[in-house]
Amino acid sequence: MLNSANNNFVQHVVSTSTEGNMNGYNRKSPQKRRYDMPKYAVPPKKKSGKERVPQPKNTVAMLNELRHGLIYKLESQTGPVHAPLFTISVEVDGQKYMGQGRSKKVARIEAAATALRSFIQFKDGAVLSPLKPAGNLDFTSDEHLENGIENVSKAELVELIYTLMLPEKKSNLTSLEQSTLRPQIFCMSHNATKSTIAVDGQKKVPDKGPVMLLYELFNDVNFECMNIDGAQNNCRFKMTVTINDKKFDGTGPSKKLAKNAAAKAALASLCNISYSPMMAPQKNAPLPIDEKSSSMELPQIHADTIGRLVLEKFMEVIKGQEAYSRRKVLAGIVMTENMNFCEAKVISVSTGTKCVSGEHMSVNGAVLNDSHAEIVSRRCLLKYLYAQLDLQCNQATAYQSIFVRNTDGQYPYKLKSGVHFHLYINTAPCGDARIFSPHENDTGVDKHPNRKARGQLRTKIESGEGTIPVKSSDGIQTWDGVLQGQRLLTMSCSDKIARWNIVGIQGSLLSAIIEPVYLHSIVLGSLLHPEHMYRAVCGRIEKSIQGLPPPYHLNKPRLALVTSAEPRNQAKAPNFGINWTIGDTELEVVNSLTGRTIGGQVSRITKQAFFDKYGFLMKNLPGMPNRKVTKDYGETKADVKDYQTAKQELFSAFKREDLGSWLKKPIEQDQFGLVE
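Residues numbered from 1 in each chain as written. Predicted model: local features only at pLDDT ≥ 70, side-chain atom pairs only at ≥ 80, totals over all residues. Heavy atoms only, no water.

## Focus: helix H15 (residues 530-537)
For step 1, the next point in the chain: Burial analysis of H15 places 8 of its 8 residues in the buried class, which makes it a mostly covered element.
For step 2, the next point in the chain: Among all positions of H15, only Pro530, Glu531, His532, Met533, Tyr534, Arg535, Ala536 and Val537 are buried.
For step 3, the next point in the chain: Packed against the buried residues of H15 are helix H13 (493-503), strand E15 (521-524) and strand E16 (558-561). (Buried < 20%, exposed > 50% of the residue type's maximum accessible area, 1.4 Å probe, protein only. Helix = DSSP H or I, 4+ residues; strand = E, 2+ residues; numbered from the N terminus. Contact = heavy atoms within 4.5 Å.)

What follows is the structure, given as structure tokens:
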């Protein structure tokens with residue numbers, strides 16, 4: 001058949017050349033003939049289907065298309081010299097497959113056929129029908145394995161793969177069968193928990209671009225584009241891709257990037273294929289693999305859901321006060337129960353990039369010192385946690401709370417099982433997580449091994465943006481020094497998140513009531529560099545942290561980047577920030593430089609507000625051993641021994657790594673009592 005096809009092709013070329021010569025073209029001028037012939041040559045008639053059928057590829061070639069970089073190994077050679085029997089093996093996804101033959105080539109083909117049979121499934125023997133015609137398919141499920149493929153011959157197997165590899169071939173498959181089987185086979189070969197994990201334990205990004213891959217996997221792919229206005233009226237494009245009546249959105253500064261984002265979202269949802277930078281970290285050594293999961297990556301579809309929920313909630317709460325929609329950093333916290341993202345709740349939304357000016361410090365805990373968006377969102381979460389404990393004060397509402405009585409521990413209350421909190425920030429947190437070149441591979445060996453180039457503790461600058469290493473600061477801060485003009489310094493967001501991953505996000509006051517609460521994941525809208533982000537939030541102290549009182553421990557949150565990345569915002573950051581917590585009837589706008597609302601009132605998420613809530617809980621919460629709060633704010637925090645032990649161990653770990661000393665605010669800020 002192959003020789004016949006080749007002969008037909010040669011005859012076609014010869015006959016065409018003859019026609020060209022008859023029309024006055026010189027046989028010795030191929031260049032002219034090649035460019036001019038399409039104007040005059042009559043296209044050849046289509047051959048019949050039988051004559052045009054290409055020959056199937058052998059199993060080795062097909063397996064290599066599904067799995068790249070396979071190595072075939074000669075296991076043994078038996079039999080006499082004139083009639084040897086070769087045994088060759090190939091390892092696929094950690095499983096070894098054997099093949100035998102009278103030549104090495106035949107043995108290699110048999111080994112590839114055995115491997116192919118292991119992950120290509122049929123519904124009923126060789127019948128090409130969808131696995132689950134009605135309903136959504138889970139391409140990573142093993143539910144259909146009982147059907148097996150033992151009765152499928154090698155020829156039938158080759159024909160199936162060949163059919164799917166050549167979509168232009170006229171086959172007997174219906175469009176439903178093609179759209180079902182093609183992504184099934186591909187997703188088996190790119191399963192996020194198997195074949196995309198390399199030898200070093202890291203997942204690999206697919207070799208092809210998302211748009212090309214989407215067109216290969218699905219027949220019915222339709223992109224639709226429209227312009228939208230982003231932050232500060234920057235031109236942004238929105239692409240919507242429709243696949244089998246399902247829609248997926250993507251945005252970007254160009255149509256191409258928006259189209260890529262939409263394709264990535266579709267692949268993540270339909271095939272569990274991710275293009276996240278967490279799949280291909282830019283460092284020599286792989287990120288550590290958690291004992292409970294294959295990597296530090298949050299599934300892409302979950303990351304996109306978290307980012308979308310926070311952005312939608314921000315657009316919802318800002319309605320009516322669009323004058324305060326201008327922002328540079330947006331953050332929010334999402335809560336899930338049993339990782340059910342269909343019923344996820346947005347707990348808080350906030351914006352902001354500035355810190356309080358030193359002249360506006362408060363001795364009553366009445367101002368917000370740090371108005372960076374992620375820090376404000378965490379304070380909004382504290383407000384939510386206090387409200388949930390309030391529900392426990394009344395027996396009629398206790399069942400609605402996310403907390404339950406802790407009967408077997410030293411803490412009166414703990415979170416319900418399965419409750420998780422996820423932090424979203426539209427860019428990398430300031431400090432160590434953001435000190436890198438986004439478009440350069442700057443993870444090579446440091447030419448100055450005695451210099452601590454990475455991991456340094458850093459501080460924010462009063463009334464400004466950016467951070468400086470603590471070693472460049474003036475050390476201990478004093479109240480009178482700040483009032484006389486010394487700049488008030490605040491630890492960077494990267495450092496504060498690292499602190500939350502040791503002592504929890506509940507704060508020192510609540511640590512007297514509940515077990516430590518940790519972030520399950522951190523999702524970024526841009527500037528996610530796996531190595532730098534991991535180091536900043538937990539990696540730089542993982543080897544030196546020790547002696548933490550249980551249940552305190554080093555938390556390693558999942559990390560992810562949304563498919564529709566946030567654009568770089570070159571506009572000047574505003575001097576205000578907004579905050580909203582679930583249950584609030586309206587958002588609150590805070591002047592970041594004064595730490596008070598734009599109307600001059602005390603914010604609802606200040607130290608003063610939380611200390612009042614704490615005093616109420618100590619009086620009314622069932623099961624509390626100590627009912628009176630007689631000490632000031634600072635002394636009350638110091639009495640929570642385990643929390644303070646964990647915090648001091650965190651500071652010591654940074655010192656042992658020679659990364660600097662944690663800089664504290666003037667102690668006078670915490671010397672205030674409860675309002676009578």
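Next comes the rest of the description.
## A short note on unusual backbone geometry
For step 1, the next point in the chain: Of note, the amide linkage connecting proline 550 to proline 551 takes the cis form, showing an omega dihedral of 5 degrees.
For step 2, the next point in the chain: For aspartate 93, which is not a glycine, the phi torsion comes out positive at approximately 55 degrees.
For step 3, the next point in the chain: The residue aspartate 93 is located in the loop between strand E2 (85-92) and strand E3 (95-101) in this model.
For step 4, the next point in the chain: Unlike most non-glycine residues, aspartate 658 shows phi in positive territory, near 55 degrees.
For step 5, the next point in the chain: Among the structural elements, aspartate 658 can be located in the segment after helix H18 (641-656).

## Observations regarding the pairing of strand E11 (residues 419-425)
For step 1, the next point in the chain: For E11, the tally of buried residues reaches 6 of 7 residues, placing the bulk of the element in the interior.
For step 2, the next point in the chain: Sheet topology places strand E7 (residues 330-337) next to E11; 7 bridges connect them, and they run antiparallel. What sits directly across from alanine 331, in E11, is isoleucine 425. (Pairing = 2+ DSSP bridges.)

## Overview of the packing of H13 against H18
For step 1, the next point in the chain: Running from N to C, H13 and H18 point in directions that differ by 130 degrees, and their axes come no closer than 9 Å. The angle between H13 and H18 places the two elements in the oblique class. When you trace H13 past H18, the crossing you get is right-handed. Here H13 contributes Ala498, Arg499, Ile502 and Val503 to the contact with H18, which in turn contributes Tyr643, Ala646, Lys647, Leu650, Phe651 and Phe654.
For step 2, the next point in the chain: Each residue belonging to the contact of H13 with H18 can be placed in one class, and the counts come to 8 nonpolar, no polar and 2 charged. (Axes fitted to C-alpha atoms, helices over the stretch in contact; angles between N-to-C directions. Parallel < 35°, antiparallel > 145°, perpendicular 65-115°, else oblique. Left-handed = near helix turned anticlockwise from the far one by under 90°. Nonpolar A, V, L, I, M, F, W, Y, C, P; charged D, E, K, R; others polar.)

## So, the pattern of salt bridges
For step 1, the next point in the chain: Here the structure, examined in full by the defined rule, presents 18 salt bridges.
For step 2, the next point in the chain: We note a salt bridge from glutamate 312 to arginine 308, for which the minimum N-O separation is 3.5 Å. Residue glutamate 312 and its partner arginine 308 are both found in helix H10 (residues 300-317); the two are separated by 4 residues, about one turn of the helix.
For step 3, the next point in the chain: Look at glutamate 312 and you get partly exposed, because its relative accessible area is 43%.
For step 4, the next point in the chain: The exposure class assigned to arginine 308 is partly exposed, which follows from its relative accessible area of 40%.
For step 5, the next point in the chain: Residue arginine 327 is joined to glutamate 566 by a salt bridge in which the shortest nitrogen-to-oxygen separation is 3.3 Å. Within this pair, whereas arginine 327 is found in the loop between H10 and E7, its partner glutamate 566 is found in the loop between E16 and strand E17 (576-581), the two being separated by 239 residues in sequence.
For step 6, the next point in the chain: The exposure class of arginine 327 is buried, given its relative accessible area of 10%.
For step 7, the next point in the chain: Judged by relative accessible area, which is 17%, glutamate 566 ranks as buried.
For step 8, the next point in the chain: A single network of salt bridges, built from pairs that share partners, joins Asp370, Lys460 and Lys496. (Salt bridge = Lys/Arg side-chain N within 4 Å of Asp/Glu carboxyl O.)

## Regarding the nonpolar core
For step 1, the next point in the chain: Leu385, Leu389, Phe421, Ile502, Ile513 and Ile522 are the most contacted members of the largest nonpolar core, which totals 84 residues.
For step 2, the next point in the chain: Of all the elements, helix H11 (residues 373-391) adds the most residues to this core, at 10 residues.
For step 3, the next point in the chain: Discounting residues that sit within four places of it in the chain, leucine 389 has contacts with Phe403, Tyr413, Leu510, Ile513, Ile514, Leu617 and Leu621.
For step 4, the next point in the chain: Of all hydrophobic cores here, the second largest spans 23 residues; its members include Leu309, Val317, Phe576 and Ile578. (Core = buried A, V, L, I, M, F, W, Y, C linked by side-chain atoms within 4.5 Å.)

## Let's talk about the environment of valine 367
For step 1, the next point in the chain: You can see valine 367 is positioned in the loop between strand E8 (345-351) and H11.
For step 2, the next point in the chain: When its relative accessible area of 8% is taken as the criterion, valine 367 is described as buried.
For step 3, the next point in the chain: In this structure, the C-alpha to C-alpha distance between valine 367 and threonine 597, residues 230 residues apart in sequence, is 9.0 Å.
For step 4, the next point in the chain: Discounting chain neighbours no more than four positions away, the residues touching valine 367 are His360, Ser362, Thr594, Gly595, Arg596 and Thr606.

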